[in-house]
Amino acid sequence: MLTPHELIAAYTAGVFPMAESADAKTIRWIEPRARGIIPLDGFHVPRSLRKTVRHAPFEIVVDQDFAAVMRACATPAPGREQTWINEDILAAYEGLHRLGFAHSVECRIGGELVGGLYGVSLGAAFFGESMFSRATDASKVALVHLVARLRRGGYALLDAQFLTAHLARFGAIEIPRRRYLALLADALARPPGRFYRELPLDDVLQATSQTS
């Protein structure tokens, strides 16, 4: 059974787990040769999304229901009929959350969870794991709020695991494993990022100042 302590050891070595499907009984450890990251000083927000963030259609909260965010990310959706999140992964990350090393950013409307993301926080590194959306732009707005929070909290690395066309719109890039490991070592050696630091609205809007 996967444990939170195994997760911490894996992330500090640049490795993360995935299952073949929700019903899979085994877990694979992944270490991509090319790693996707989102440079915190090179984050880009499309103009239409910047307007959405300014209009604030969602209530943004953190860690209100981490388990619900994970299970929403594991739920099949158009274009994502299979999930890599099985029950062992769910249980291990929920344990990591209880230890204070995993967090969620949640978008809500009238208290209802309509989008969000979750990831792992170690040192000054944040490892984005997955996101979901049940309302237009909800996961994208959650990402903007995450970046603003990481900047405000003194983080140095936002790991996206793989580069996708979707993340590339936000400034994500792909770097070689050796370069990634050097950035990871630097981030882990720094004082821990302050995920819960107060996040003024101006900081969120500042995260949208670079447009693509």
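Calculation rules
Residues numbered from 1 in each chain as written. Predicted model: local features only at pLDDT ≥ 70, side-chain atom pairs only at ≥ 80, totals over all residues. Heavy atoms only, no water. Helix = DSSP H or I, 4+ residues; strand = E, 2+ residues; numbered from the N terminus. Rg over C-alpha atoms; globule rule 2.2 N^0.38 Å. Contact = heavy atoms within 4.5 Å. Areas by Shrake-Rupley, 256 points an atom, 1.4 Å probe, with all protein chains shown as cover. Lys, Arg positive; Asp, Glu negative; His and termini not counted. Charge placed at Lys NZ, Arg CZ, Asp CG, Glu CD. Salt bridge = Lys/Arg side-chain N within 4 Å of Asp/Glu carboxyl O. Buried < 20%, exposed > 50% of the residue type's maximum accessible area, 1.4 Å probe, protein only. Pairing = 2+ DSSP bridges. Axes fitted to C-alpha atoms, helices over the stretch in contact; angles between N-to-C directions. Expected span 1.5 Å × (residues − 1).

Caption draft 1: Highlighting the overall build of the chain. When its secondary structure is counted, the chain shows eight helices and nine strands. Taking 2.2 N^0.38 as the reference for a compact globule, 212 residues should give roughly 17 Å; the C-alpha atoms of the chain span a radius of gyration of 16 Å, in line with that estimate. Its C-alpha atoms give the chain principal-axis dimensions of about 45 × 35 × 30 Å. Within the chain, residue pairs in contact and separated by at least 24 positions form 75% of the contacts whose partners lie at least 6 positions apart. Total accessible area on the chain is roughly 10,100 Å²; 52% of this is exposed by carbon and sulfur atoms. Put simply, the chain has 24 plus and 22 minus side-chain charges, and the middle of one group is 7 Å from the middle of the other.

Caption draft 2: Up close: the pattern of salt bridges. Tallied over the full model, the rule gives seven salt bridges. Of the charged contacts, one joins R35 and D159 as a salt bridge, the two residues approaching to 2.8 Å between their closest N and O atoms. Placement of R35 in strand 3 (residues 34-37) and of D159 in strand 8 (residues 157-161) is noted, with a sequence separation of 124 residues between them. Pair check on accessibility: R35 and D159 agree, each one buried. A salt bridge links R108 to E106; the shortest N-O distance between them is 2.9 Å. Take R108 and E106: they sit in the same class, and that class is buried.

Caption draft 3: Inspection of the sheet that holds strand 3 at higher detail. Here seven strands make up an open sheet; going across it, the order is 4-5-6-7-8-3-9 and the pairing mixed. The open sheet has two edge strands with one neighbour each: strand 4 (59-62) and strand 9 (173-176). Neighbour-to-neighbour, the strand axes of the sheet open up by a mean angle of 35 degrees, direction not taken into account. Here strand 6 (residues 112-122) runs beside strand 7 (residues 125-133); their pairing, made up of eight bridges, is antiparallel. From the neighbouring strand, G119 faces strand 7, where its bridge partner is G128. Here helix 3 (residues 66-74) sits on the sheet in contact with strand 5 (102-109), strand 6 and strand 7, set at roughly 100 degrees to strand 6.

Caption draft 4: View of helix 5 (residues 138-152). Spanning 15 residues, helix 5 covers 21 Å between terminal C-alpha atoms, matching the ideal 21 Å at 1.5 Å per step. Burial analysis of helix 5 places twelve of its 15 residues in the buried class, which makes it a mostly covered element. Along helix 5, the residues that are buried comprise A138, S139, V141, A142, L143, V144, H145, L146, V147, A148, R149 and L150. G154 lies just past helix 5 and shows a positive phi near 80 degrees.

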